[in-house]
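Given next are the chains, with one letter for each unit.
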Amino acid sequence: MTLEEIRKEIDRIDAELLPLFMKRMDCAKQVAAVKKEQGLPVFNSSREQEILDRIGSLAGEYGGEARLLYSSMMDMSRALQYNLLGGGGELRETIRKAGEAPEKAEKIACLGESGSFSNEALSLLYPKASPQFYQGFGGIFAAVASGDADLGILPVENSSAGSVSEVYDLILKYRFYIVNAATLHVHHCLAAAKKVDVRTIGTVYSHPQALSQCSEYITKNDLRPLPCSNTATAAQMVAQRQEAGIAAICSEHAANEYKLNILDRDIQNSSNNCTRFVVISRKLFIPDRAQKISLCFSLLHKTGTLYSVLARFAALGLNLTKMESRPIQDKNFEYDFYLDFTGNVREDATLNLICSLHEELPRFSFLGNYTECE
Ligand SMILES: C=C(O[C@@H]1C=C(C(=O)O)C=C[C@H]1O)C(=O)O
């Protein structure tokens, strides 16, 4: 057969497949009506498994491809049913009832001391709020949990040093809502108590993330990096100790705050050094113009499960902007996935997708839908 003849054959086959696909979707609609009447859930995992196993063995050498094709068709069949039935009732209600923003967020938990990068990000998002400082990420989550703070601000990711794993672990543990986010350009400087030559400095103190973001400068100048709970605390300590040979890596703002001398500026590895911060809350708030969705879930150990979840977002044109997998405590090599997508849950199709995932996936949490200040 010539290429043209084979392609004609493919067109004929597609024309035969399409009405069958449409008939299958019509059946899914009828199933939805029965489920509504009988109060049954949309997702029936054992029925889907039975279909996939049967198709997989009938398809012979194309077993894998056929399973994938049928798995996608069943995703679409379920999506259609969720659109007709609603589903995810409780979550739907929580999202529907969410306010736009906290009326007053006076108490905001923040890492470090005055002058920390978290403090800068907080001032950008809530210029009127006064921060409550904590020395560790755990303290910020605990303050939000106990109600000592209304909100908490946390660095989640840096453009050169990568994700702050400890924060992702805490996000997955506490599962508070994410209600706001901002990206801050981070410029580090080397600051000491006296105006000395950089060559006289032997030890630098800073947060491990900042030390990692300035690793090239540290190596080039043969400095000994020592970790501190945050950059502003490092600046404060260097100011208090007034010792020769020590310096802090911190923001210019923190150096000024603690009256340190700036020995060098912009010492980070990358000139485009950005850190992304998120704001956590016990209560869900969704601004009208929200454009980022965060969620987390785990997956059954089966072929194509992550692919199938991601494909459903792609089908709605929602772009994946971040994915993180973290080990689940006490379970060997099982993972929670954390995902950020573009989108707004007040759009019906997006809400239906979130609600369907809520019903289908183990350990699923909708974490929020918020704006991102860049
Ligand atoms: C159509 C049904 O609903 C869902 C979709 C399925 C399918 O498309 O074949 C199978 C099981 C359910 O998860 C059903 O329950 O039969």
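Residues numbered from 1 in each chain as written. Predicted model: local features only at pLDDT ≥ 70, side-chain atom pairs only at ≥ 80, totals over all residues.

## Comments concerning the site of the ligand
Basically, it comes down to this: Each residue receives a C-beta atom built from its backbone; the residue is near a molecule or strand if that atom lies within 6 Å of it. The classification used treats Ala, Val, Leu, Ile, Met, Phe, Trp, Tyr, Cys and Pro as nonpolar, Asp, Glu, Lys and Arg as charged, and all other residues, Gly among them, as polar.
Taken together, Ala-28, Val-31, Phe-43, Asn-44, Arg-47, Glu-48, Ile-51, Met-74, Ser-77, Arg-78 and Gln-81 form the complete shell of residues around the ligand. Among the residues making up the shell around the ligand, the classes are represented as five nonpolar, three polar and three charged.

## Concerning the pairing of strand E2 (residues 130-134)
Sheet faces and side chains relate simply in a regular strand, where the side chains alternate between the two faces. Counted only if it meets this: Two strands pair under a simple rule: DSSP has to find at least two bridges between them. The numbering of helices and of strands both runs from the N terminus, where a helix is a DSSP run of H or I of at least 4 residues and a strand a run of E of at least 2. Crossovers are described as right-handed under a simple rule: with the strands pointing away from the observer, the path leading from the first strand over the helix to the second runs clockwise.
Relative to E2, strand E1 (residues 107-111) runs parallel, the two being bridged by five bridges. Bridge pairing links Ile-108 to Pro-131 in E2. The parallel pair E1 and E2 is bridged by helix H5 (residues 117-125), and the resulting crossover is right-handed.

## Quick word on helix H2 (residues 45-58)
Where we set the bar: What a helix should span is 1.5 Å times the count of its residues minus one. Residue burial is a threshold on neighbouring C-beta atoms within 10 Å of the residue's own C-beta, all placed from the backbone, with 20 or more meaning buried, 12 or fewer meaning exposed, and counts in between meaning partly exposed.
Between its terminal C-alpha atoms H2 stretches 20 Å, which fits the 20 Å expected from 14 residues at 1.5 Å a residue. With one of its 14 residues buried, H2 lies for the most part at the surface. Backbone geometry just downstream of H2 places Gly-60 in the positive-phi region, at approximately 55°.

## Focus: the nonpolar core
To keep things clear, this is the line we draw: Remark: nonpolar core denotes a set of buried Ala, Val, Leu, Ile, Met, Phe, Trp, Tyr and Cys residues whose joining runs through C-beta atoms within 7 Å. Either an automatic procedure or a domain database provided the assignment from which the domain bounds are taken. With C-beta atoms placed from the backbone, a contact is any residue pair whose C-beta atoms sit within 7 Å.
Counting residues in hydrophobic clusters, the biggest one holds 59 residues, and the most contacted among them are Ile-140, Val-144, Ile-153, Leu-154, Ile-178, Val-279 and Ile-280. The two domains that each donate at least three residues to this core are domain 2 (107-186 + 273-281) and domain 4 (287-374). In this view, Val-279 contacts Leu-125, Leu-151, Ile-153, Ile-178, Val-179, Asn-180 and Ala-181; residues no more than four positions away in its chain are not counted. Core analysis: the second largest hydrophobic core is formed by 28 residues, Leu-190, Ala-191, Tyr-217 and Ala-235 among them.

## As for the packing of helix H1 (residues 3-38) against helix H3 (residues 63-85)
To keep it simple, the criterion reads: Axis geometry follows a simple rule: fit a line to the C-alpha atoms, using only the stretch in contact for helices, then measure angles between N-to-C directions, giving values from 0 to 180 degrees. Oblique is the label for any angle not covered by the other classes, which are roughly parallel (under 35 degrees), roughly antiparallel (over 145) and roughly perpendicular (65 to 115). Should the near helix be turned anticlockwise from the far one by less than a right angle, the crossing is termed left-handed; should it be turned clockwise, right-handed.
The N-to-C vectors of H1 and H3 enclose an angle of 45°; their axes lie 9 Å apart at closest approach. Taken together, H1 and H3 sit at an angle that is classed as oblique. Crossing angle aside, the handedness with which H1 passes H3 is right-handed. On H3, the residues that touch Arg-24, Met-25, Ala-28, Lys-29, Val-31, Ala-32, Lys-35 and Lys-36 of H1 are Met-73, Ser-77, Leu-80, Gln-81, Leu-84 and Leu-85. Looking at the contact of H1 with H3, its residues break down into eight nonpolar, two polar and four charged.

## Observations concerning helix H13 (residues 348-360)
An ideal rise of 1.5 Å per residue puts 18 Å on 13 residues; H13 measures up with 18 Å between its terminal C-alpha atoms. All of the buried residues along H13 are Thr-350, Leu-351, Asn-352, Leu-353, Ile-354, Cys-355, Ser-356 and Glu-360. Next to the buried residues of H13 lie H3, helix H4 (89-97), strand E12 (292-298), helix H12 (305-315) and strand E15 (365-370).

## Things to note about the UniProt feature "domain: ACT" (unreviewed entry) in the protein chain
In plain terms, the rule: UniProt positions are given in the numbering used here, feature names are shortened, and annotations may be inferred rather than shown by experiment.
As recorded in UniProt, the sites labelled "domain: ACT" (unreviewed entry) are residues 294-374. Taken end to end, residues 294-374 comprises 30% helix and 36% strand; its first and last C-alpha atoms sit 17 Å apart.

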